[in-house]
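Geometric and topological summary
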Amino acid sequence: MNELDKLREEIDRIDSEIVKLFSARMDVSEKIGQYKRENSLPVLDASREDKKLSSVVSSASDNMKPYVMALYGGIFTLSRKYQHIGVKCRKAEVSETEEIRRFYRKTVDDMKINGGPWDEIYPYMYLSDDIIDGRLWILERDGETVAAFVLSTEKRDGEDSIKWPDGNADGIFLCRICVRPDLRRNGYGTIATEYAEAMAKSLGYDFLRLYVLDNNYAAQGLYEKCGYIRLDGVR
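Here's what I pulled together on the structure shown here. Counting of residues starts from 1 at the beginning of each chain's written sequence and follows it residue by residue. At least 70 in pLDDT is required for a residue's local features to be given in this predicted model, at least 80 for side-chain atom pairs to be given and counted, and no such filter applies to totals for whole chains, interfaces and linings, which use all residues. To get the side-chain values, take all heavy atoms of the structure and skip hydrogens and water.

In this description, strands pair whenever DSSP reports at least two bridges between them. Numbering goes from the N terminus for both helices and strands, where a helix is a DSSP run of H or I of at least four residues and a strand is a run of E of at least two. Spatial ordering of the open sheet is given by β1-β2-β3-β4-β5, a layout of 5 strands whose pairing is mixed. Each edge of the open sheet carries a strand with a single partner, namely β1 (88–91) and β5 (207–209). Neighbour to neighbour, the strand axes of the sheet diverge by 35 degrees on average, direction disregarded. One ladder, built from 6 bridges, connects strand β2 (residues 136–141) with strand β3 (residues 144–152); its direction is antiparallel. Looking at the pairing, Ile 138 lines up with Ala 148 of β3. To obtain an axis, a line is fitted to C-alpha atoms, over the contacting stretch when the element is a helix, and the angle between two such axes runs from 0 to 180 degrees between their N-to-C directions.

What follows is the structure, given as structure tokens:
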């Protein structure tokens, strides 16, 4: 065995230990998530994460600090997602129309207070047709709706002026994404977007596209965090 093989063997041993420790950490994270659900606590505890990140970074050598920061940033994200296990996604049913309208109403009311583009017309004017046509999906946890979104193939005004990098590839639009106001900053927007991407692929679409109003800053931040890029075209 040469020196390179020995080093790789050492890496394999370390990786095996990392997987065991990571699995143990995620098991504890799942228990924390269960406790939070039972006690109506938010998944995201930004203060706790900031303190924990400062602690682990300070324990690393100077040359390793940026790598430890990146590592734990990823671990925190995965832990929050793991705590969201139990979230289910399904199509809304026509019998739920009024309930879903009330769900969206909470976000409209919140926007009236805190600012946002939705009002008495949008998105209400589309919801009934969204449900009837099977375009509206809801995310549930423990039997309660936590988020909703629409996947639409309807042509958009100005769509042809957008410089799509994928050209004329078959795409579907994500729109009217909504997270219950009291559950924001808990990762449900990201989870909803990930479900939308999965559903789009299962429906045979190559790309997920979206339009966002210039003053819908919350949606812009969500999509950019999820890796979407802004394109030239309609403003």
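Here the narrative resumes.
Turning next to the pattern of salt bridges. Salt bridges are counted wherever a side-chain nitrogen of Lys or Arg sits within 4 Å of a carboxyl oxygen of Asp or Glu. Evaluated as defined, the whole model comprises 13 salt bridges. The closest approach of N and O atoms between Lys 20 and Glu 17, which form a salt bridge, is 3.9 Å. Of this pair, Lys 20 and Glu 17 both sit in helix α1 (residues 3–38), 3 residues apart, which is roughly one turn of that helix. One network of salt bridges, with partners in common, ties together Arg 105, Asp 109, Lys 112 and Glu 120.

Packing of α1 against helix α3 (residues 65–83) brings their axes to within 8 Å, and their N-to-C directions diverge by 50 degrees. In terms of their interaxial angle, α1 and α3 are classed as oblique. Here the hand of the crossing between α1 and α3 comes out right-handed. Of the residues in α3, those in contact with Phe 22, Arg 25, Met 26, Asp 27, Ser 29, Glu 30, Ile 32, Gly 33, Lys 36 and Arg 37 of α1 are Tyr 72, Ile 75, Phe 76, Leu 78, Ser 79, Tyr 82 and Gln 83. Residue polarity is assigned by list, with Asp, Glu, Lys and Arg as charged and Ala, Val, Leu, Ile, Met, Phe, Trp, Tyr, Cys and Pro as nonpolar; anything else, Gly included, falls into the polar class. Residues that form the contact of α1 with α3 fall into these classes: 8 nonpolar, 4 polar and 5 charged. Small angles under 35 degrees read as roughly parallel and large ones over 145 as roughly antiparallel, with 65 to 115 read as roughly perpendicular and the rest as oblique. Each crossing gets its hand from how the near helix is turned against the far one by less than a right angle, where anticlockwise is left-handed and clockwise is right-handed. For this analysis, residues touch if any pair of their heavy atoms sits within 4.5 Å.

It is worth spelling out the nonpolar core at this point. Residues belong to one nonpolar core when they are buried, are Ala, Val, Leu, Ile, Met, Phe, Trp, Tyr or Cys, and are joined through side-chain atoms within 4.5 Å. Exposure categories follow from relative accessible area, calculated using a 1.4 Å probe and restricted to protein chains: below 20% of the type maximum is buried, above 50% is exposed, and the middle band is partly exposed. Leu 139, Phe 149, Leu 151, Leu 174, Leu 208 and Tyr 223 are the most contacted members of the largest nonpolar core, which totals 26 residues. Where this core is concerned, the elements lending two or more residues are β2, β3, β4 (171–179), α6 (188–202) and α7 (217–225). The leading source of residues in this core is α6, at 6 residues. When sequence neighbours within four positions are dropped, the list of residues in contact with Leu 139 reads Val 87, Lys 88, Cys 89, Glu 144, Thr 145, Val 146, Ala 147, Phe 149, Tyr 188, Ile 191, Ala 192 and Tyr 195.

Contact geometry of helix α4 (residues 97–114) with helix α5 (residues 124–132) gives a least axis separation of 10 Å together with a crossing angle of 145 degrees. α4 and α5 meet at a crossing whose hand is right-handed. Here Thr 97, Ile 100, Arg 101, Tyr 104, Arg 105 and Val 108 of α4 come into contact with α5, specifically with Tyr 124, Leu 127, Ser 128 and Ile 131.

With that out of the way, let us pick up α7. Among the residues of α7, those classed as buried are Ala 219, Gln 220, Leu 222 and Tyr 223. Down the axis of α7, the smallest arc covering the buried residues is 165 degrees, so these residues share one side. Relative to its buried face, α7 has exposed residues pointing more than 90 degrees away, namely Tyr 217, Ala 218 and Lys 225. Lining the buried residues of α7 we find β4 and α6. Positive phi appears at Gly 227, one or two residues downstream of α7, with a value of about 100 degrees. Arc definition: directions from the helix axis to the C-beta atoms.

Another point: the pairing of β2. Among the 6 residues that make up β2, 6 are buried, leaving the element largely enclosed by the rest of the structure. Of the two faces of β2, the one holding Leu 136, Ile 138 and Glu 140 and the one holding Trp 137, Leu 139 and Arg 141 are both buried throughout. Both β1 and β2 contribute to a ladder of 4 bridges, which runs antiparallel. In the sheet register, Lys 91 faces β2, and the bridge partner there is Trp 137. Connecting β2 to the next strand, β3, in antiparallel fashion are 2 residues, including Asp 142 with a positive phi near 55 degrees.

So, on to unusual backbone geometry. Residue Pro 123 follows Tyr 122 across a cis peptide bond; omega there is 15 degrees. Looking at the secondary structure, you find Pro 123 in the loop between α4 and α5. For Arg 176, which is not glycine, the phi torsion reads 50 degrees and is therefore positive. Locating Arg 176 in the fold gives a position in strand β4.

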